[in-house]
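Descriptive analysis of the structure
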Amino acid sequence: MPSDTPDRKVPFVDLRAQFETIKTDVHAEINAVLERGDFILGNSVAEFESEMADFCETARAVGVDSGTSALELALMALDIGGGDEVITAANTFIATTLAISYVGAVPVLVEMDPDTFQIDPARIEAAITERTRAIMPVHLYGHPADMDPILEIAQRHDLRVIEDASQAHGARYKGRRVGGLGDVGVFSLYPAKNLGAYGDAGVIVTNEDAIADKLLLLRNYGSTVKYHHDIKGFNRRLDTLQAAVLRVKLRHLDDWNAARRGHAEAYGKLLQGHAGTVKVPQIAPYAEPVFHLYVIRTEKRDRLQEHLAARGISTVIHYPIPIHMQPAYADLEHPPGAFPITEEYCSRILSLPMYAELTSDDIDYVAAAVSEFARDAETSTVG
Ligand SMILES: *Cc1c(COP(=O)(O)O)cnc(C)c1O
């Protein structure tokens, strides 16, 4: 350990700090499930689904056991499978493409818009073939993808649109909640997401009853009436205890997202003097983002990460290796250089601490450490 090990620590996320603020309600909701004993598809699941649908301004919501399951079941509910192609962002988390692969379809990657980090709608049409069945935009880092041109392309080519909103619970596109903009919207409810359970969970929203009804079958052995099985469904149900936790958290989500936006604004102001060295995230005019992540860019990224770590500040890279360069996707046969923007960004991006409970002192401390590094980089010509 270096002798100047700081006593000050800023973690990347702090789930305990959030728990402290909702403890009483969480205990009460969990206790109510324990008292009822309705552990499988209990009351809390239906209540969470109805509240989540309201929140997303959609007709229906169906809870499942993870975000990855939610993506896979959404594809199945739209009858997408073997031989089909699904267009998605080259710079997403790998779960997006894994779900496409699970159903036997092929993920077709499209490069990002370098300003927003979101799938570039201008590059989508070139990726469409006679096998394309759907476009799966990802609202990465909590910033919405540019949905209007995506929906327009989908309509023109008769494609489905599945939003991977796993990082964007509550974000708005031109005033409307993400998730309800396409045919189906999918949310991971992994603990560290803006809306997170205390374990694995996921939820799918849609305005189409036929899709929601199919999802109810798919998640529960192909059955809605006990021991009557219409299709070969799975066991992918949302756990009742997780639904109970999620109901408590959903009530706070808009406030937590507003706090994240405030933190992002503060970071942006404190770092604006170093725009040549450290690029902060931009917000598109159409977007009300929710800053699941606050991702900056700098050329000496690894050294900045070390500099921050030495000052007790935890950071993460989302994501260090693009999907097309992962061994798992060697079968796509994309050579290095196939997605140059995505590849370049991988070596420059760094996610700073971001969660609702960050204090303004924490933000000042992190920004001061980043600024100190930037000043040094600006005055030195070495390395
Ligand atoms: C977290 C995440 C997922 C996967 O969700 P799990 O709940 O971990 O299965 C899928 N897509 C994106 C973009 C994510 O961030």
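Residues numbered from 1 in each chain as written. Predicted model: local features only at pLDDT ≥ 70, side-chain atom pairs only at ≥ 80, totals over all residues. Heavy atoms only, no water.

To continue, consider the overall build of the chain. The number of helices and strands found in the chain is 11 helices and 12 strands. On C-alpha atoms alone, the chain measures out to a radius of gyration of 21 Å, which is about the 21 Å that the 2.2 N^0.38 rule sets for 383 residues. Here the chain holds 383 residues, and 55% of them are scored as buried. Taking the contacts inside the chain whose residues are at least 6 apart along the sequence as the reference set, 71% of them involve residues at least 24 apart. (Helix = DSSP H or I, 4+ residues; strand = E, 2+ residues; numbered from the N terminus. Rg over C-alpha atoms; globule rule 2.2 N^0.38 Å. Buried < 20%, exposed > 50% of the residue type's maximum accessible area, 1.4 Å probe, protein only. Contact = heavy atoms within 4.5 Å.)

This part takes up the confidence of the model for the chain. Considering every residue of the chain, the mean pLDDT works out to 96; 98% of them sit at 70 or more. Considering each helix and strand of the chain separately, the mean pLDDT is smallest for helix α11 (residues 360-379), with a value of 96, and largest for strand β9 (residues 202-206), with 99. (pLDDT = per-residue confidence, 0-100.)

To continue, consider the sheet that holds strand β8 (residues 184-188). As summarised here, the arrangement of the seven strands in space is β1-β9-β8-β5-β4-β2-β3, forming an open sheet in which the pairing is mixed. The open sheet has two free edges, formed respectively by β1 (60-64) and β3 (106-110), since each of these has just one partner strand. Adjacent strand axes in the sheet meet at a mean angle of 25°, parallel and antiparallel pairs treated alike. Across five bridges, the pairing between β8 and β9 is antiparallel. Each bridged residue has a counterpart across the sheet, and for Gly185 the counterpart in β9 is Val205. (Pairing = 2+ DSSP bridges. Axes fitted to C-alpha atoms, helices over the stretch in contact; angles between N-to-C directions.)

Okay, the site of the ligand next. The environment of the ligand is made up of 16 residues, and the closest members are Gly67, Thr68, Asp164, Ser188 and Lys193. Separating an oxygen atom of the ligand from a backbone N or O atom of Gly67 is a distance of 2.8 Å. In the model, an oxygen atom of the ligand is placed 3.0 Å from a nitrogen or oxygen of the Lys193 side chain. For the ligand, whose unbound accessible area comes to 390 Å², protein coverage reaches 92%. For the shell around the ligand, the elements supplying multiple residues, two or more each, are α3 (67-77) and α4 (94-102). With three residues, α3 is the single largest residue contributor to the shell around the ligand. By residue class, the composition of the shell around the ligand is six nonpolar, eight polar and two charged. (Near = heavy atom within 4 Å. Polar contact = N/O pair within 3.5 Å; in protein donor to acceptor, adjacent residues only side chain to side chain. Areas by Shrake-Rupley, 256 points an atom, 1.4 Å probe, with all protein chains shown as cover. Nonpolar A, V, L, I, M, F, W, Y, C, P; charged D, E, K, R; others polar.)

Below, the discussion takes up the pattern of salt bridges. Evaluated as defined, the whole model comprises 27 salt bridges. One salt bridge connects Arg8 with Asp362, and the closest N-O pair in it is separated by 3.2 Å. Taken together, the positions of Arg8 in the segment before α1 (15-36) and Asp362 in helix α11 put the pair 354 residues apart, joining distant regions of the chain. A relative accessible area of 32% places Arg8 in the partly exposed class. (Salt bridge = Lys/Arg side-chain N within 4 Å of Asp/Glu carboxyl O.)

Look at the link from His318 to Tyr319: it is a cis peptide, with omega at 10°. With respect to the element layout, Tyr319 can be found in the loop between α9 (301-309) and α10 (340-346). Of note in the backbone geometry, Tyr227 takes a positive phi value of approximately 70° without being a glycine. Relative to the helices and strands, Tyr227 resides in the loop between α6 (209-219) and α7 (240-250). A relative accessible area of 68% means that Tyr227 is categorised as exposed. Positive phi, close to 55°, is recorded for Glu333, a residue that is not glycine. Topologically, Glu333 is positioned in the loop between α9 and α10.

What follows covers the packing of α3 against α4. Look at α3 against α4: their axes get within 9 Å of each other, and the N-to-C directions meet at 40°. Between α3 and α4, the interaxial angle falls into the category oblique. Seen from above, α3 lies across α4 with right-handed handedness. Mapping the contact onto sequence places Thr68, Leu71, Glu72 and Leu75 in α3 and Ala95, Thr96, Ala99, Ile100 and Tyr102 in α4. A class-by-class count of the residues in the contact of α3 with α4 yields six nonpolar, two polar and one charged. (Parallel < 35°, antiparallel > 145°, perpendicular 65-115°, else oblique. Left-handed = near helix turned anticlockwise from the far one by under 90°.)

Of all five residues that make up β8, five are buried, and the element is covered over most of its length. For strand β5 (residues 160-164) and β8, the ladder comprises three bridges, and the chain directions are parallel. Paired with Ile162 across the two strands is Val184, which belongs to β8.

A word on the nonpolar core. Grouped together as the largest cluster of nonpolar side chains are 45 residues, with contacts concentrated most on Phe48, Met52 and Ile87. Put simply, the parts of the chain that give this core at least two residues each are α2 (43-56), β2 (85-89), β3, α5 (147-157), β9 and α7. If we ignore the near neighbours within four places in the chain, the residues touching Met52 are Ala61, Phe187, Leu195, Val203, Val205 and Leu250. (Core = buried A, V, L, I, M, F, W, Y, C linked by side-chain atoms within 4.5 Å.)

Let us now look at the environment of Leu308. Position of Leu308 among the secondary structure elements: in helix α9. For Leu308, a relative accessible area of 0% corresponds to the buried category. With 125 residues separating them in the primary sequence, Leu308 and Asp183 have C-alpha atoms 42 Å apart. Those residues in contact with Leu308 that sit more than four places away from it in its chain are Ile313, Thr315, Leu350, Leu352, Val366, Ala369 and Val370.

Here we come to the sheet that holds strand β6 (residues 172-173). Read from one edge to the other, the open sheet built from three strands follows the order β7-β6-β10, with strand pairing classed as antiparallel. Sheet topology places β7 (176-177) and β10 (287-288) at the edges, where each strand pairs with a single neighbour. Bridge analysis of β6 against β7 gives two bridges, and the strand direction is antiparallel. By the bridge assignment for β7, Tyr173 is matched with Arg176.

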